[in-house]
Amino acid sequence: MRIVRKLPLLAVVSLACLGLAILGSRLLGELGPATALGAEDSITLQGTGATFPAPLYQKWFVEYNKEHPNVQINYQALGSGAGIKQFQQHLVDFGASDAAMTDDEMAPVKDGVVLLPMTAGAIVLAYNLPNVSTDIKLSRDAYVGIVLGKITSWNDPAITKTNPGANLPDTKITVVSRSDGSGTTFVFTSHLSAISNEWKNGPGPGKAVNFPVGVAGKGNPGVSALIKQTPGAIGYVEYGYALQANMPMALLENKSGKYVRADLSSGKDALASVQLPENLRAWITDPATPDAYPIVTYTWLLCYKKYQNAKTADTLKSVIKYGLTQGQSFSADLGYIPLPGNVIDADMKALGQIS
Amino acid sequence: MTIGQTEAVAGIDRPSEPARSEMASLDEVEISRPPSSMEVFSDRLFRRSTLAVAWFTVFLVGWIVVSIGRQAMPSIHAYGLQFLRGTVWDANHARFGILPAIIGTLYSSILGLAIGTVFGLAIAIFLSEHFLSSGLEATLKSFGSSEDSWFASLPDKIENVLKVTIELLAAIPSVVYGLWGIFVVIPLVRPSADWLHSHLGWIPIFSTGLSGPGLMPAALVLAIMVLPTITAISRDSLVAVPPKLREAAFGMGATRWEAILAIFVPTAATGIFGAIILGFGRALGETMALAMLAGNANVISWSLFSPANTLAALLANHFPEADQIEVGALMYAALVLLAITLIVNIAGTLILQRADAGLKGLR
């Protein structure tokens, strides 16, 4: 009886031991030849930050590692806030954030900060309306009203007005937001604040915002899952996730009154609307270009100006250069917007500050 | 506990002593001797180290409380008791209140516990009162093969398999429960939730429709998560009902159900209650599954289908990106959760102790 009661525990413990043993032997097997080849050549870079560009960064780092087997880059997608925090505390070699660091945040970093926009992406309003096959169009009044909780039903006149043929049902709208603090929320709420005074004076822009209505999921995947599981749901997710999850995305009214679908060209138009200043920090809260998709953001890598170890600096610069050149070709497939040429040039110039 | 263990270790030697002294008389060598100083030393060392480890656990709990309390101090000063009554968590405007989270924590835990208790107790009775063997015996008799000893031990084996299976539920990671909840439980309860809302919407507990995540799916998954705790301890306390009582009950002519409901369950009631309290502690602290299923909305509602928030989910969601002020507020919330959990667990332990003491006379 006693033993039977402990069986699950025994099973778990023995499985864990087995796992550790396998892991250990593999690690040893992998380390063995590498150290034999020459440990002095291998270098590891540590980075932490945004989840939004993580799939693209991971792709870069894997591809870079294939070309330079001696360089290992560990990127932990803990979120923009964590990225900035760990970067400030010198726990990592580089950080990443969807919200560029503010002057206050940069001030305490004594080694200096270089902000490098590495890629850009759109944030879309994905929804779940099982019996509506056409892509719906949302006016600015409509989507602000929805997230403020003023429009509660899908057949509200504010929505049906722009979707005459869609036959929208009398379903309750469930707004899905992010429960964790996130750069995606920051970009979305900054846009809302730019187009609506009521949002600006109410919930306001921020990484963790008190949404007046709806439910919240953890991370882009959590939000995607909730939207897919809830008829009548609408929520903001990063374009790449919506694309992969195959969710319908609303066409949004932009500044010039056009209804724009999120894709590569409308994203590029949005980026073209803003000229990056010297410090490479710009927020595109409401692009004015006629065909621009309205919610687009750059995402930044955070680097120190001075590194203790010259090799770390050189390797990091080489990795960043790779991302800015060959790396940009992976963007479109993963749902990101390749950087415009002038931004890449500006980045290359800024790389000179790192040593 | 630790002293008991040392005694148990010392007791192992005892049965072999007569044999040793017999051998001693044969060889004319004096073997019985006072323990050597080395033995005394190692004995003492063992006892001291177990004691130290035991106290270290207590110290650890104290340390956690103190360090959380220290970090929470600024926000305790800043928000005071208003923090417990506030209904808005808005890091953007530095307004923090955890009333919805407290209510959501208690509501979802109690709901999950109620469902878990009904099923857990039923399973415990089934597993402890040999329902399986009587059922199987009847079936076997109809086949005319009840004499076989392998078949006779079959019910016990099946019972053990069932028991282990239920206990294995405790080994499933809560993220898995959360995912399962999102993709299976929510779609499963939606039709009935919508029906209840549209037909019985005037009852407060059905006053809102189910918008994906909400209290009901969260409570259902919690019920499954507390099931192993409740089943295991309830079963143990039902098995521990003294045989005298069983025999007396049947001897008085009680039917099986009368005996179970009027004698066994009341006798084991304190143990069962302790199981429920321990399950409650588990439910209160559950984080990941609830963060995925409760909806993370700061809403206070009677409705079973309304989204809600819990303290543990609030902490998990907001920590990674929190700034200095919010971290203080989160620590305050952690302290509140710790206090609730501690109270519940202490109550559970006390009740379990009383249960043991109450049964002593019967054994």
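Residues numbered from 1 in each chain as written. Chains lettered and ligands numbered in written order. Predicted model: local features only at pLDDT ≥ 70, side-chain atom pairs only at ≥ 80, totals over all residues. Heavy atoms only, no water.

1. A short note on the sheet that holds strand S3 (residues 94–97) of chain A
Residue and element names in this part refer to chain A. The strand order across the open sheet formed by eight strands is S2-S1-S3-S11-S4-S8-S6-S7, and the pairing between neighbours is mixed. A strand with exactly one partner marks an edge of an open sheet, and here the two such strands are strand S2 (71–76) and strand S7 (215–217). Each strand of the sheet is rotated relative to its neighbour by a mean of 25°, with strand direction disregarded. Of the pairings in the sheet, the one linking strand S6 (residues 174–178) to S7 comprises three bridges and is parallel in character. (Pairing = 2+ DSSP bridges. Helix = DSSP H or I, 4+ residues; strand = E, 2+ residues; numbered from the N terminus. Axes fitted to C-alpha atoms, helices over the stretch in contact; angles between N-to-C directions.)

2. Considering the nonpolar core
Core analysis: the largest hydrophobic core is formed by 179 residues, its most contacted members being Leu116 and Leu138 of chain A together with Ile98 of chain B. The leading source of residues in this core is strand S4 (residues 113–127) of chain A, at 12 residues. Ignoring any residue separated from it by four or fewer positions in sequence, one finds Leu138 of chain A in contact with Leu125, Tyr143, Ile146, Ile159, Ile234, Ala250, Leu251, Leu252, Glu253 and Tyr259 of chain A. (Core = buried A, V, L, I, M, F, W, Y, C linked by side-chain atoms within 4.5 Å. Buried < 20%, exposed > 50% of the residue type's maximum accessible area, 1.4 Å probe, protein only. Contact = heavy atoms within 4.5 Å.)

3. Describing the side chain of Thr105 of chain B
Residue and element names in this part refer to chain B. Relative to the helices and strands, Thr105 resides in helix H5 (residues 99–128). Residue class for Thr105 comes out buried when judged on its relative accessible area of 1%. In this structure, Thr105 is in contact with Leu284, Asn309, Thr310 and Leu311, ignoring residues within four places of it in sequence.

4. What about the packing of H5 of chain B against helix H8 (residues 154–168) of chain B?
All names here are of chain B. At a closest axis distance of 10 Å, the pairing of H5 and H8 adopts a crossing angle of 155°. With respect to their mutual orientation, H5 and H8 come out roughly antiparallel. Our pair here, H5 against H8, has a crossing hand that is left-handed. Touching Ile123, Phe126 and Leu127 of H5 are Glu159, Leu162, Lys163 and Ile166, all from H8. Tallied by class, the residues present in the contact of H5 with H8 amount to five nonpolar, no polar and two charged. (Parallel < 35°, antiparallel > 145°, perpendicular 65-115°, else oblique. Left-handed = near helix turned anticlockwise from the far one by under 90°. Nonpolar A, V, L, I, M, F, W, Y, C, P; charged D, E, K, R; others polar.)

5. A closer look at the interface of chain A and chain B
The interface of chain A with chain B comprises 36 residues on the first partner and 34 residues on the second. Taken together, both faces of the contact between chain A and chain B bury some 2,600 Å²; the carbon and sulfur share is 53%. Summed over the shared surface of chain A and chain B, the number is zero salt bridges. At the junction of chain A with chain B, the criterion picks out six residue pairs in polar contact (both at pLDDT 80 or more). Taken together, the residues of the side of chain A that touches chain B break down into 15 nonpolar, 15 polar and six charged. (Buried area = accessible area lost by both parts, 1.4 Å probe. Salt bridge = Lys/Arg side-chain N within 4 Å of Asp/Glu carboxyl O. Polar contact = N/O pair within 3.5 Å; in protein donor to acceptor, adjacent residues only side chain to side chain.)

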